[in-house]
Amino acid sequence: MTALTVTTDRMKFLRLALAADAVVTGGNGLIYLAFAGPVGTLLGPDAGLLRGIGVFLLVYGIAVGLLATRREISPAGTKAVIALNIIWTLASIAAVVTGAAGFTTIGAIWAIAQALVVALFAELQITGLRKTRTA
């Protein structure tokens with residue numbers, strides 16, 4: 001019983017980092033799905049692209065949320081989340097720099113801000129994963 005308590009306590013930071021990521025990501029996904037037209041007008045990308053991104057974000061958010069609820073959080077699963085968050089961050093910056101997504105000025109600012117938040121989630125998850133390895 002004591003070993004389980006120690007393990008659970010060591011996972012608390014990682015669990016919170018994953019859960020926050022899941023809520024923010026899933027929330028963005030829902031907004032992109034429900035309001036693709038108006039959001040597209042504001043940010044620049046067309047509604048079809050935003051709906052596709054919305055589906056991805058919603059599914060990803062659910063998957064990250066499920067990972068966060070496991071009694072023992074999978075290090076491999078966490079590493080996959082971290083890798084995808086880093087890829088998302090770099091892809092967002094590339095989309096702004098190249099103009100590939102057709103962002104408005106507000107959209108470019110939003111994409112960079114979102115990339116910074118996702119990078120922060122990756123950093124928090126890296127820290128949380130390290131905390132699970134030390135006692």
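Source: prediction; values computed, not measured. (Residues numbered from 1 in each chain as written. Predicted model: local features only at pLDDT ≥ 70, side-chain atom pairs only at ≥ 80, totals over all residues. Heavy atoms only, no water.)

1. Digging into the overall build of the chain
Turning to step 1, where the next piece is worked out: In terms of regular secondary structure, the chain is built from five helices and zero strands.
Turning to step 2, where the next piece is worked out: For the chain, the sequential pattern of α-helices and β-strands runs α-α-α-α-α.
Turning to step 3, where the next piece is worked out: With the principal axes as the frame, the chain shows a C-alpha extent of 55 × 25 × 20 Å.
Turning to step 4, where the next piece is worked out: Counting all 135 residues of the chain, 33% fall into the buried class.
Turning to step 5, where the next piece is worked out: Counting contacts in the chain only where the partners sit at least 6 residues apart, residues at least 24 apart contribute 76% of the total. (Helix = DSSP H or I, 4+ residues; strand = E, 2+ residues; numbered from the N terminus. Buried < 20%, exposed > 50% of the residue type's maximum accessible area, 1.4 Å probe, protein only. Contact = heavy atoms within 4.5 Å.)

2. Describing the UniProt feature "transmembrane region" (unreviewed entry) in the chain
Turning to step 1, where the next piece is worked out: UniProt's entry tags residues 12-35, 47-68, 80-101 and 107-126 with the feature "transmembrane region" (unreviewed entry), counted in the numbering of this structure.
Turning to step 2, where the next piece is worked out: Across residues 47-68 one finds 100% helix and 0% strand; the C-alpha atoms that close the span lie 31 Å apart.
Turning to step 3, where the next piece is worked out: Each end of residues 107-126 is marked by a C-alpha atom, and these two atoms are 28 Å apart; helix forms 100% of the span and strand 0%. (UniProt positions renumbered as here; feature names shortened; annotations may be inferred.)

3. With respect to helix H4 (residues 75-98)
Turning to step 1, where the next piece is worked out: The end-to-end C-alpha separation of H4 is 34 Å, in line with the 34 Å expected for 24 residues at 1.5 Å each.
Turning to step 2, where the next piece is worked out: Where H4 starts, the residue carrying a side-chain oxygen 3.3 Å from the main-chain nitrogen of Ala76 turns out to be Ser74.
Turning to step 3, where the next piece is worked out: Gly99 lies just past H4 and shows a positive phi near 80 degrees. (Expected span 1.5 Å × (residues − 1). Polar contact = N/O pair within 3.5 Å; in protein donor to acceptor, adjacent residues only side chain to side chain.)

4. Thoughts on a nonpolar patch on the surface
Turning to step 1, where the next piece is worked out: Taken together, Ile93, Val97, Ile112 and Leu116 make up a surface patch of nonpolar side chains, about 370 Å² in accessible area.
Turning to step 2, where the next piece is worked out: Of all the elements in the fold, those that place two or more residues in the nonpolar patch are H4 and helix H5 (105-133).
Turning to step 3, where the next piece is worked out: Note on placement: Ile93 falls in helix H4. (Patch = residues over 30% accessible without salt bridge, like charges linked within 9 Å, V, L, I, M, F, W, Y side chains within 5 Å. Areas by Shrake-Rupley, 256 points an atom, 1.4 Å probe, with all protein chains shown as cover. Salt bridge = Lys/Arg side-chain N within 4 Å of Asp/Glu carboxyl O.)

5. A closer look at the environment of Leu43
Turning to step 1, where the next piece is worked out: Take Leu43: it is sitting in helix H2 (residues 36-43).
Turning to step 2, where the next piece is worked out: We classify Leu43 as buried; its relative accessible area is 7%.
Turning to step 3, where the next piece is worked out: For the pair Leu43 and Ala95, spaced 52 residues apart in sequence, the C-alpha separation works out to 13 Å.
Turning to step 4, where the next piece is worked out: If we skip the residues at most four places from it in the chain, Leu43 touches Tyr32, Gly102, Phe103, Thr104, Ile106, Gly107 and Trp110.

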